[in-house]
Structure formats: C-alpha cells, structure tokens
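Chain by chain, the residues run as shown.
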Amino acid sequence: MVAISAPRSNTRFTRATIAGNALTSGNAMVTATALRSDRCATATLPASDDFNRGDNSFLGSVWSEAFGNTDVAGNAAQTVSPVSIATLTNVIEPNVAVSADINLPIRSGQSASVVARYQGSGDRDLYYAGITAATNGTFTASINRNVGGVVTVLASKVVTNGTGNIRLETVGRSLKLFVDGTLLLFAYDSRFTDGAVGIRGVTAGTRFDDFLADKIDLTLFNPTNSFTDHFDVAADQQLSHFWQETQGNFKVANGVAANNAAVSMALLNPLFIQVSDATVTANVTTFGSNQFAGLVARASDDGSSYYQAGLSRTAGGNRLVISRVQNGVVTELGSTAVADNFGQLKFQVTGSTLTLTLNPSSATPTVLTVFDSTLTLGTFGLRGTGAVNWDDFTFSA
Ligand SMILES: [Ca+2]
Ligand SMILES: [Ca+2]
Ligand SMILES: [Ca+2]
C-alpha cells in the first residue's frame, strides 16, 4: 500500500491511499495530479528563475515550499504566510552565491532574504541575509544565523532603502552580503557547512524576482606552487577564490589589496596549498600608527595557527617582526628596527629557519632571521591590522 500526500501548499488535494492499482480512499484526481513528474523535479546549479509565468499557488517544479507559503504572482515570487521559506529541491551545497531582486515598500514590515546552507525543517537551521523594512521606516541589512530556532544577527547595517539585487556568498566560514554588486556586510561562522539555497520572506506580500544560485567550486582555484597576484583585476572588489579569507575583509581596488576591517587575513586556497618550505613576497604600505602589514606562512586551514612576518608601525617607530600565533596566543620570535614604513617584504621559511627581508633587491636590505620548528606545514597568505595594503604578491614553493 502506498500513501500519497499532496504538497503542503497545494490545498486542493489532501491524501489518497492506493493498494495495488485500486484506490481505497480519497479522490482519484489526487493521485493523477500529485504524482506529476514535474512536481518532483530536482534543481541543479547554476539555477535561475524569473518567475515569468502565470499566477499560481504552486511556486514551481524545482522549488520546495519548505515553510509557509510562497506563490507566483505578477511574474515574481510572493510570500503568502507571515514567514515563508522556499528552497531549490535537492540542492545541498557548501559554497554558493545566491541572489534575488527585491523591492520592499517602506514601513511594510517586510523582510526579504536569500538563504544558504538551509537544514530545516521549518524556519530553523539556516543562514539568511537580506534587508528588512521596519514599520518605523528604517531599512536594515543583515546576515543572520538560525540554530534550532534561535536567531543570531552576525552582522547588520542601516541602509537607505530595500531595493536592489541582494546576494549571499558562502565560502568556508566566510559569509558575505552584496547589494547591487557592492559588499555591504561580512561575517564568519562555522555552524552549518552545507545545505539548501532559497528565499525567505517575512510578512505576506514580500516579493522576489530573478532568483539565481550557483556553486563556488573551490576545486577550480588551485594557486599551484607558483602564484602571483597583482590585485589589478577583481570581481566586486573582492579577492579571487584562489584566496580564502579567514578574518576581516580585503578590498581590491586601485590595483592593490587593502585591509577593509580592523584585522584581516587571507590564505591561499588550503585545499591545494599544504607545504612546508616556501617564499612569499609583497609590496606593503602602512598609512598610520599602530598598524601591521604582513605575510603569513604555514597557516592551518582555519587560520588559527600560523607564522606571520611583517612591518609593524607604532608611535615608537617601525620594526620588522616575526611571530608565531597559535589559537590567539602570539609569541614574538624576533624583531629589528627599520626606518621605512613601506617596501617589499620577503618571507622565506625553510625547515626551522624563518627569514624576513625588507627591500631584498635594494643595496641595503634589512634581514631578520629566527629559528622555530613548532609549525611544520600549511598554507600561506596575507595578514594586516589597520590602514595597510599589499601589491604584487608572490608565492613560490
Ligand atoms: Ca519576473
Ligand atoms: Ca505556494
Ligand atoms: Ca597592482
């Protein structure tokens, strides 16, 4: 015997039971319609939906109305319930870009978000990011985490309106919200590592259009053992996916990568770079006091342990410094005073010998060498504090 339930959203049908070929209860039309194959479609990424079809309580063949109710209305997706979540059917991905166009009326109480790593069931266990039009007239953008029904706002900012293309990107622990291609908010979280993608609306009548979801496939971004980045080309002013940010944010503009947070770190794709001995170089500039511009070696995937070597600028002067960092504990391994607050840094790690050189090509380079064998393997990258930037990064192993 097979029991068939119609989709939750489809109230025309309730339930029917079949034994063999015989319908033993319910309505024959139920079995015929509820089993239409297009209602069991599986989405594949990239997936897009412009919702340009007739008004329908059924959102579409690739959608699961995971919570509440979302309909097609006026060539867009429109929520019907106080809280509605719709996800693409059978898409479970870790790293994605999910976007949609929104246009929230002022004081509507509506909130429109795109969803990633949705676990469910119901309005539980997901990341979502978007804009809320509060009834007091303010608009607030936010990146949110819901764990077991408990919502944590990971990042938020007041914005001027609720109109535009919102895009949530998840890469490892990194969560970013873009509006019309400009980074608005970023956060880091490790609670959910994969899940479904979709849309979430609060207050009936919230509308979405031109939904788009795609994978960010990190296996396509192998820096190999000889990698250079001049930071002259960038999508949405962000580092490419050869890099994985583990803290803060980098803004790639005007041909350089600038620290775009209090403290930022980016590592070469740790899927591929797990080496012991290598050399990294970059031209660095510091723009004020109490700043640090550096290079990272042998970092763990999550960026919790690493060697860092760089130029430290304080009111007391400039120093070259090499440190070991393990789970937030910084151990300074050596330092030396220098005159400059900018220049080319070269950080070479070979066995237990760690050497930082300022302006290696000049007539008078400054060389700092220390010895440490605590960290043996990892990836390499950038780390900085305050208003600093990097250009012409090289990695060679
Ligand atoms: Ca449309
Ligand atoms: Ca519906
Ligand atoms: Ca450049």
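Residues numbered from 1 in each chain as written. Chains lettered and ligands numbered in written order. Predicted model: local features only at pLDDT ≥ 70, side-chain atom pairs only at ≥ 80, totals over all residues.

K.L.:
How should I be thinking about the overall build of the protein in this particular structure?
P.N.:
Each helix and strand counted, the protein has 1 helix and 33 strands in total. A buried classification covers 42% of the 397 residues belonging to the protein. When contacts within the protein are restricted to residue pairs at least 6 apart in sequence, long-range pairs at least 24 apart make up 58% of them. (Helix = DSSP H or I, 4+ residues; strand = E, 2+ residues; numbered from the N terminus. Buried ≥ 20, exposed ≤ 12 C-beta atoms within 10 Å, placed from the backbone. Contact = placed C-beta atoms within 7 Å.)

K.L.:
Could you clarify how one ought to interpret the nonpolar core in this entry?
P.N.:
One finds V98, V114, V115, L177 and V197 to be the most contacted residues of the largest nonpolar core, which totals 48 residues. Of all the elements, strand 11 (residues 126-133) adds the most residues to this core, at 6 residues. If sequence neighbours within four positions are ignored, L177 has contacts with A129, A141, I143, I166, L168, L184 and L185. Counting residues in each nonpolar core, the second largest holds 44 residues, with F231, I273, V321 and L368 among its members. (Core = buried A, V, L, I, M, F, W, Y, C linked by C-beta atoms within 7 Å.)

K.L.:
Help me understand the sheet that holds strand 20 (residues 243-247) in this model?
P.N.:
Pairing is antiparallel across the open sheet formed by 7 strands, whose spatial order is 20-23-32-25-26-27-28. This sheet does not close on itself; its edge strands, each paired only once, are strand 20 and strand 28 (329-338). Between one strand and the next, the sheet's axes are offset by a mean angle of 20°, whatever the strand orientation. With 7 bridges joining them, strand 25 (residues 291-299) and strand 26 (residues 305-314) adopt antiparallel strand pairing. Within the sheet, the bridge partner assigned to G294 lies in strand 26 and is G310. (Pairing = 2+ DSSP bridges. Axes fitted to C-alpha atoms, helices over the stretch in contact; angles between N-to-C directions.)

K.L.:
Hey, could you run me through the sheet that holds strand 8 (residues 83-88) in this one?
P.N.:
Note on sheets: strands pair through backbone hydrogen bonds, and any given pair is parallel or antiparallel. Ordered in space as 5-8-17-10-11-12-13, the 7 strands form an open sheet in which the pairing is antiparallel. Each edge of the open sheet is held by one strand with a lone partner, namely strand 5 (63-67) and strand 13 (150-159). In this sheet, neighbouring strand axes are inclined to one another by 20° on average, regardless of whether the strands run parallel or antiparallel. With 3 bridges joining them, strand 5 and strand 8 adopt antiparallel strand pairing. The residue of strand 8 that forms the bridge with W63 is L88.

K.L.:
Would you mind going over the environment of T42 with me for this structure?
P.N.:
For T42, the position within the fold is in the loop between helix 1 (28-34) and strand 4 (47-49). Separated by 48 residues in sequence, T42 and N90 have C-alpha atoms that sit 5.6 Å apart.

K.L.:
Can you walk me through the pairing of strand 27 (residues 317-326) in this structure?
P.N.:
The side chains of a regular strand alternate, first on one face of the sheet and then on the other. In this sheet, strand 27 lies alongside strand 26 in antiparallel orientation, the contact comprising 10 bridges. The residue bridging Y306 from the neighbouring strand is V325, located in strand 27. Taken together, strand 26 and the strand that follows it, strand 27, pair antiparallel across an intervening segment of 2 residues. As paired elements, strand 27 and strand 28 share 9 bridges and run antiparallel to each other. Residue S323 lies in a different strand from strand 28, and its bridge partner there is E332. Where strand 27 hands over to strand 28, the hairpin turn is made up of 2 residues, of which N327 adopts a positive phi near 50°.

K.L.:
I would appreciate a short explanation of the environment of L320 in the present structure.
P.N.:
In this fold, L320 is placed in strand 27. What makes L320 buried here is the crowd of 23 C-beta atoms within 10 Å. Distance from L320 to A293, taken between C-alpha atoms, is 9.9 Å for residues 27 residues apart in sequence.

K.L.:
Before we go on, may I ask you to explain the pairing of strand 29 (residues 342-350) in this structure?
P.N.:
As judged from the 8 bridges shared by strand 24 (residues 278-286) and strand 29, these two strands associate in the antiparallel manner. Counted as the bridge partner of T279 is Q348 from strand 29. As paired elements, strand 29 and strand 30 (residues 353-358) share 6 bridges and run antiparallel to each other. Counted as the bridge partner of F347 is L356 from strand 30. Adjacent in sequence and paired antiparallel, strand 29 and strand 30 are bridged by 2 residues, among which G351 carries a positive phi angle near 55°.

K.L.:
Can you help me understand the confidence of the model for the protein in this one?
P.N.:
Detailed reading of the predicted coordinates is not advisable wherever pLDDT is low. Averaged over the protein, the pLDDT score is 91; the fraction of residues at 70 or greater is 90%. Counting contacts from residues 1-38, a segment whose pLDDT is below 50, to residues more than four positions away or on other chains yields 47 contacts. (pLDDT = per-residue confidence, 0-100.)

K.L.:
Would you mind going over unusual backbone geometry with me for this structure?
P.N.:
Trans is the prevailing form of peptide bonds, just as negative phi is the prevailing case for residues other than glycine. In this model, L45 is joined to P46 through a cis peptide bond whose omega is 5°. Omega for the bond connecting G120 with S121 falls within 30 degrees of zero, at -5°, which places this linkage in the cis form. Locating S121 in the fold gives a position in the loop between strand 10 (111-118) and strand 11. Unusually for a residue other than glycine, D236 sits at a positive phi of about 55°. With respect to the secondary-structure elements, D236 resides in the loop between strand 19 (226-229) and strand 20.

K.L.:
Can you walk me through the environment of T182 in this structure?
P.N.:
Here T182 shows up in strand 16 (residues 182-188). Judged by the 11 C-beta atoms lying within 10 Å of it, T182 is exposed. Separated by 55 residues in sequence, T182 and Q237 have C-alpha atoms that sit 7.8 Å apart.

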